[in-house]
Each structure stands twice: as structure tokens, then as C-alpha cells.
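What follows is each chain in one-letter form.
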Amino acid sequence: MLEKMLENVREKMPLIHNITNYVTVNDCANILLACGGSPIMADDIGEVEEITSICGGLNINIGTLNERTIRSMLAAGKKANELGHPVILDPVGAGASSLRTNTAYTLLEKVKFSVIRGNISEIKTLALGGGTTKGVDADVADRVTDETLDSVIAFAKEFSKKTGAVIAITGVIDIVADAQKAYVIRNGVPVMSQITGSGCMLTAMTAAYITANPQEILEAAAAAVCAMGLCGEKAYEVMKKNNAGNSSFRNYLIDEIYKLDGAALKEGAKYEIR
């Protein structure tokens, strides 16, 4: 199943509209090209509906919000819903400020999302009406462990049931769930948290996967999360071999996404279904 998800991205080359943050916009564009998709970035209210109309999917990321882009996110989201396009939300830093948190709530109210991807603190903020966060990173107190895994899976399934979206909670242990089924994924390496944009890149790539596999949103999102974690592992091995650092790791990560094929993903994905 994961192999098919990746191969469909390569074959269909989905065009993804990204309203994302300026810290990681270049990385998001490059990861989309590497995985087989095609990026376009547009955030002016004068063109977002038109751009969304020519794309297959929409990625909304609230990492560097302002009043201008909030209007654009809502307009693009509504247009994507009207056209039946998959839409993904990355609620970066929800819980860190009232603007971020309230914007995320408004987006959830006004736009139907196919996938919501964030760290555990961000997702808890959206689901529970408040939470703790360390800037744009998950709070240590929220960290998903083997001891808390069952409760987090139940939480993700319940939030999926409430929103109708697949919920992707990423961290040391990743959980990708709909209301009935959850993928527990254990790919990845700690250095992925030592570059800006690994989460944003994953969200952009997930947009490509769900757009190429619109009838299998859960499996497509799980495949994207497995692919990113697996390529992180591969990039880390190259980094160690070359005695390099985190800046090089970012480039190696994009390289490994570019080189990944379905057979390698099938062999290297570490997951269980709960």
C-alpha cells in the first residue's frame, strides 16, 4: 500500500498550492519537487482562489501569520472545498499566541481539512481548546512515549471523528489516524528536529501524497510520514559518513526523498496498525 502511494505521486506529479511560512518556503518547494510533486506559492488575496483552482491540492501552514495571509488562507480553503480538492493544515505554534490559536480555530470552523498535521502540543491545543507549547515545538510534558501511546491513539481517533480529518501527530513516535484506524510509525532520527522546516516539509509532501491518492487519505498520509522518517535515517547516515552538520543534513534529506522509490519505502517503513 505505501509503495503504491509513492508511485502515484511520481506518476501524477500533483501541483500543490502552498500558503506557507517564509522561514521554510524554499524547503517546502524543494521537497515537493524531490518527491515528485510540483509547488506553487501564492498568498495574495487577489490570486489565491484562481491559483487554488488550477492546482490539485492545498497546503495551509500558519507558521508566520499576518492579517493579510489569514484572509487568503480562508479564501483558498473555501475554494479548495468547493472544488473537492484535498486540503492540509499545519497549525505551527498553535498555543504559543492568541493569534495563532484563534486563527487555527477559525480555519477549522470555516474549512474542511483532509489532514491536520502537527506536533502533539499543537494538536492538543486544537482539540482541547488550549495547551502548552515551547514556541513552535512540542512541550516536553506532552511527548508521546510507549507509556502514553494508547491514550494518544484514542485521542487522535476521537479528534479525527470530530473533524473528519486524518490526524497526523509527529514526533519521536508518529501517529497517523482516522476515526477507526491508526498507523504507529517509528521511522526518523533526532537530528530532524535540529533543522528548521522538517515538519513544514513533511506537511507539503503530505499534500502531494494525498492529492495523488485522494481516495486513500489515511494511507497516503501514513506513507508520507514513513517516507520522511526513513529518508531522515538515510540522510543521517550520509551526514555521519561525511562528518557533516545539520545544514548539510537538510540537503541530504531532500536528496534522499528525491532518490526514494516504492520498493525502498516498503522495505524501510517501520509501522504497526492499531
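Not measured: the values here are computed from a predicted model.

K.L.:
Account for the pairing of strand 9 (residues 174–177), with residues named and values stated.
P.N.:
Taking every second residue as pointing to the same face, both faces of strand 9 are buried, with D174 and V176 on one and I175 and A177 on the other. Pairing analysis gives three bridges linking strand 8 (residues 166–169) to strand 9, with the strands arranged antiparallel. Bridge assignment links I169 to a residue of strand 9, and that residue is I175. Hairpin connection between strand 8 and strand 9: a loop of four residues separates the two successive antiparallel strands. Alignment of strand 9 against strand 10 (residues 182–185), held across four bridges, turns out to be antiparallel.

K.L.:
Residue-level account of the packing of helix 8 (residues 198–212) against helix 9 (residues 217–241), with values.
P.N.:
The contact between helix 8 and helix 9 brings their axes to 9 Å, and the two run at 140°. Here helix 8 is positioned oblique relative to helix 9, judged by the angle of their axes. Note that helix 8 runs across helix 9; the crossing there is right-handed. For the pair helix 8 and helix 9, contact is made by S198, M201, L202, M205, T206, Y209 and I210 and by I217, A220, A221, A223, A224, V225, A227 and M228, respectively.

K.L.:
Report on the nonpolar core, specifying residues and quantitative values.
P.N.:
Side chains that are nonpolar tend, in soluble globular proteins, to be buried together. One finds V176, Y209, F249 and L265 to be the most contacted residues of the largest nonpolar core, which totals 54 residues. When residues of this core are traced back to their parent elements, those giving at least two are helix 1 (2–12), helix 2 (25–35), strand 8, strand 10, helix 8, helix 9 and helix 10 (246–259). In terms of residue count, the dominant contributor to this core is helix 9 (15 residues). Contact partners of V176, with chain neighbours within four places excluded, come to V166, I167, A168, K181, A182, Y183, I185, L218, A221, A222 and V225. Counting 39 residues, the second largest nonpolar core, distinct from the first, contains I60, L89, I116 and A182.

K.L.:
I'd like a rundown of the environment of E67, residues and numbers included.
P.N.:
Along the chain, E67 turns up in helix 4 (residues 67–83). Exposure remark for E67: the relative accessible area of 56% places this residue in the exposed category. Taking the C-alpha atoms as reference, E67 lies 27 Å from I31; in sequence the two are 36 residues apart.

Cut-offs and rules
Residues numbered from 1 in each chain as written. Predicted model: local features only at pLDDT ≥ 70, side-chain atom pairs only at ≥ 80, totals over all residues. Heavy atoms only, no water. Buried < 20%, exposed > 50% of the residue type's maximum accessible area, 1.4 Å probe, protein only. Helix = DSSP H or I, 4+ residues; strand = E, 2+ residues; numbered from the N terminus. Pairing = 2+ DSSP bridges. Axes fitted to C-alpha atoms, helices over the stretch in contact; angles between N-to-C directions. Parallel < 35°, antiparallel > 145°, perpendicular 65-115°, else oblique. Left-handed = near helix turned anticlockwise from the far one by under 90°. Contact = heavy atoms within 4.5 Å. Core = buried A, V, L, I, M, F, W, Y, C linked by side-chain atoms within 4.5 Å.

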